[in-house]
Amino acid sequence: RVLFLAPQPFYRLRGMCIAQRSILAALSAMGCRVDLLTFPFGEDVDIPGVRILRLPRLPWVRDVPIGPSWGKLALDLLMPAYAFALCLRNRYALVHACEESAFLGAVLKRLFGLPLLYDMDDVLSLRLERSGFLRRGAFLSMVRRAEDWMLRSADAVLTNSPDTTAFASARAAAGRVVSYDHAPSLPEEASLGEAEREALRDACNLDHQRVVLYAGNLEPYQGVELLLESLPEVLRRSPQTCCVVVGGEPAQIESLRARARELGLGESVRWLGKRPIPDTLRLMRVADVLVSPMVQEKAVPMKLYAYMASGVPIVATDLPNHNCLLDAGNAVLVRRDAGALAEGILGMLRDGEEARRLGRQALLRLRSLGPEDAARRSVERVYGMLSH
C-alpha cells in the first residue's frame, strides 16, 4: 500500500498530472493499492486500486495555477495534518512524494519509518527563483538547504530530465537516482478521413489555410509569445497561413491575444482554449506544422510525445528539453529567437517532401521508445529498489 502525495489539482491536462497518471496506472498494474492525497481541485479519474483523497477547500483559494503561488503554499501547509492522519490509520509500505511534498515525505520517513520515493519534476529552488516567487535572500537559501537535506533523505529519486538527474545524483545516495521517461500512453495513430479533416477545419474556421499549431499550457516558459513574434515574418512570406493555439487559461489567452493585436496579427491566430486530449490529437493531425517554442530548460514537455505520434513535422527550440527526443534527423531545431523560429516554420511550409520525411522519422523515433513499457519498467525498477 502506497501513500502518494500530489500537491497539484489532480487530474488536469498538465504535464505533471499526465506523468502522475502514467505512474499510477503502472502501480495499478503492479497490484499496488494507492491512497492519492491531492488538492481539492481537478477531475476524478478511475484507476483500479487508486483512491483519490482531496484536501478540503479553503475559502480564499479558488484554484491553483501552474507554478508557485500563495494558494498553493496554503494547501501545502494543510497537507501534513491529513498525511499524518492517514499514516496513523493505515500501514503504508512507502511514501511516493511529488515535487515539494517530498519535504513532508522526509518528515514522514522520520516519524513512521516509511521509505521515501521523491518524484522530482524540477529543481524546486530554481523554479522558485525563475518564477519570481522567491528571487534571493535568506528564505531562498533556506529552501536550497532543505532541498539538499530532502535529497539526502530520499531512499530513491525519480527524475525526468538530464538536469534534474545531474542535480539529484550530486546530492542523493549513490545508485538511488532513476531517470524516468514520463511518456504518456497515447492512442494508436490513425489517418484522418477527408470528411473528418474538413469538418475539423471548418469548426476552426481554417478554410484552405496552412496551419501552424501549438498545443499546451500558456505559461511564459512555453514560449508562446516568441511564437507570436515569429508570425509577422511567416505571414509576410506565406499569407495563407494561420496559427492555432490549443490550451491555456482565459486570462492567459486574453493577455496573449492583446500581444497578437500589438503585432498586427489580426485574425491570423485562432485561440481554441482547452480541449480534451482526443480532440487535441485530432487537431494536431490537421496541422501542417507543430511548434514547441519553449524558452526555458525544463523537463521533456508532455506535448512532444503527442506531437511525434501525429506524424506532422515539428519545429522546436534547440534545448535539452527537446533534444532528449528530437534531433536534426526528425525535426527542425532552431535558436530561441523569432527570426530563427520563423525560418524553421517557413521551411516546413515550403518543402512538403522534407516536412513529410521529418514527420515520419519523428513517429519512427517514438515507436522505437516503447514509451508505455519503458515507463512501467522504470516504476518497477525504482519500487524494486525500495523493497530491498
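Cut-offs and rules
Residues numbered from 1 in each chain as written. Predicted model: local features only at pLDDT ≥ 70, side-chain atom pairs only at ≥ 80, totals over all residues. Heavy atoms only, no water. Pairing = 2+ DSSP bridges. Helix = DSSP H or I, 4+ residues; strand = E, 2+ residues; numbered from the N terminus. Axes fitted to C-alpha atoms, helices over the stretch in contact; angles between N-to-C directions. Buried < 20%, exposed > 50% of the residue type's maximum accessible area, 1.4 Å probe, protein only. Right-handed = clockwise from strand over helix to strand, strands pointing away. Parallel < 35°, antiparallel > 145°, perpendicular 65-115°, else oblique. Left-handed = near helix turned anticlockwise from the far one by under 90°. Contact = heavy atoms within 4.5 Å. Nonpolar A, V, L, I, M, F, W, Y, C, P; charged D, E, K, R; others polar. Salt bridge = Lys/Arg side-chain N within 4 Å of Asp/Glu carboxyl O. Polar contact = N/O pair within 3.5 Å; in protein donor to acceptor, adjacent residues only side chain to side chain. Expected span 1.5 Å × (residues − 1). Bend = angle between axes of the 7 residues up to and from the residue.

Colleague: Summarise the sheet that holds strand β2 (residues 34–38); cite the residues concerned and give the values.
Modeller: Pairing within the open sheet is parallel, and its 7 strands lie in the order β3-β2-β1-β4-β5-β6-β7. Where the open sheet ends on each side, the last strands, each with one partner, are β3 (50–54) and β7 (177–179). Averaged over neighbouring strand pairs, the angle between their axes works out to 20° when direction is ignored. The pairing of strand β4 (residues 94–98) with strand β5 (residues 116–120) spans 4 bridges and is classified as parallel. Bridged to Ala97 within β5 is Tyr118.

Colleague: Help me get a handle on the pairing of strand β11 (residues 289–292), residues and values and all.
Modeller: Side-chain alternation along β11 places Val289 and Val291 on one buried face and Leu290 and Ser292 on a second face that is also buried. Relative to β11, strand β8 (residues 210–215) runs parallel, the two being bridged by 2 bridges. From the neighbouring strand, Val212 faces β11, where its bridge partner is Val289. Two elements, β11 and strand β12 (residues 314–317), share 3 bridges in a ladder whose sense is parallel. Bridge pairing in β12 links Leu290 to Ile314. Once you follow β11 into helix α11 (residues 303–310) and on to β12, the crossover reads as right-handed.

Colleague: Describe the packing of helix α8 (residues 224–237) against helix α9 (residues 250–262), naming the residues involved and giving the relevant values.
Modeller: The contact between α8 and α9 brings their axes to 10 Å, and the two run at 20°. The pairing of α8 with α9 is recorded here as roughly parallel in orientation. Here α8 runs over α9; the crossing is right-handed. Across the interface between the two elements, Val224, Glu225, Leu228 and Glu229 from α8 touch Leu256, Arg259 and Ala260 from α9. Of the residues in the contact of α8 with α9, the class split is 4 nonpolar, no polar and 3 charged.

Colleague: Residues and numbers for the pattern of salt bridges, please.
Modeller: Throughout the structure, instances matching the rule amount to 19 salt bridges. Notably, a salt bridge pairs Glu233 with Arg236, separated by 2.9 Å at the nearest N-O pair. Here Glu233 and its partner Arg236 are both found in helix α8, 3 residues apart, which amounts to about one turn of the helix. Connected through salt bridges with shared partners, the residues Glu225, Glu229, Arg259 and Glu262 form a single ionic network.

Colleague: Could you give me a rundown of unusual backbone geometry, with the residues and numbers involved?
Modeller: Each neighbour pair has its own omega, and for Phe10 with Tyr11 the value is 10°, a cis peptide bond. Tracing the chain through its elements places Tyr11 in the loop between β1 (2–6) and α1 (15–29).

Colleague: Describe the environment of Arg210, and please don't skip the residues or the numbers.
Modeller: Position of Arg210 relative to the elements: it lies in strand β8. Under the relative-accessibility criterion, Arg210 is labelled partly exposed at 29%. Contacts of Arg210, omitting those with residues within four sequence positions, involve Gln240, Thr241, Cys242, Asp288 and Leu349. Among the polar contacts listed, one links the side chain of Arg210 to the backbone oxygen of Leu349, at a separation of 3.1 Å.

Colleague: Would you mind going over α8 in detail, with residue names and values included?
Modeller: The end-to-end C-alpha distance of α8 is 20 Å, a good match for the 20 Å that 14 residues give at a rise of 1.5 Å each. Residue Leu231 marks the point of greatest curvature in α8, where the axis turns by about 35°; the proline Pro232 follows within four residues. Of all the positions in α8, only Val224, Leu226, Leu227, Leu228, Ser230, Leu231, Val234 and Leu235 are classed as buried.

Colleague: Give me the lowdown on the pairing of strand β9 (residues 241–246), citing residues and values where you can.
Modeller: Among the 6 residues that make up β9, 6 are buried, leaving the element largely enclosed by the rest of the structure. Burial along β9 is two-sided: the residues Thr241, Cys243 and Val245 and Cys242, Val244 and Val246 are all buried. The parallel pair β8 and β9 is bridged by α8, and the resulting crossover is right-handed. Taken together, the 4 bridges between β9 and strand β10 (residues 269–273) define a ladder with parallel strand orientation. The partner of Val246 across the bridge, within β10, is Gly273. At this point the chain moves from β9, through α9, to the parallel β10, and the crossover so formed is right-handed.

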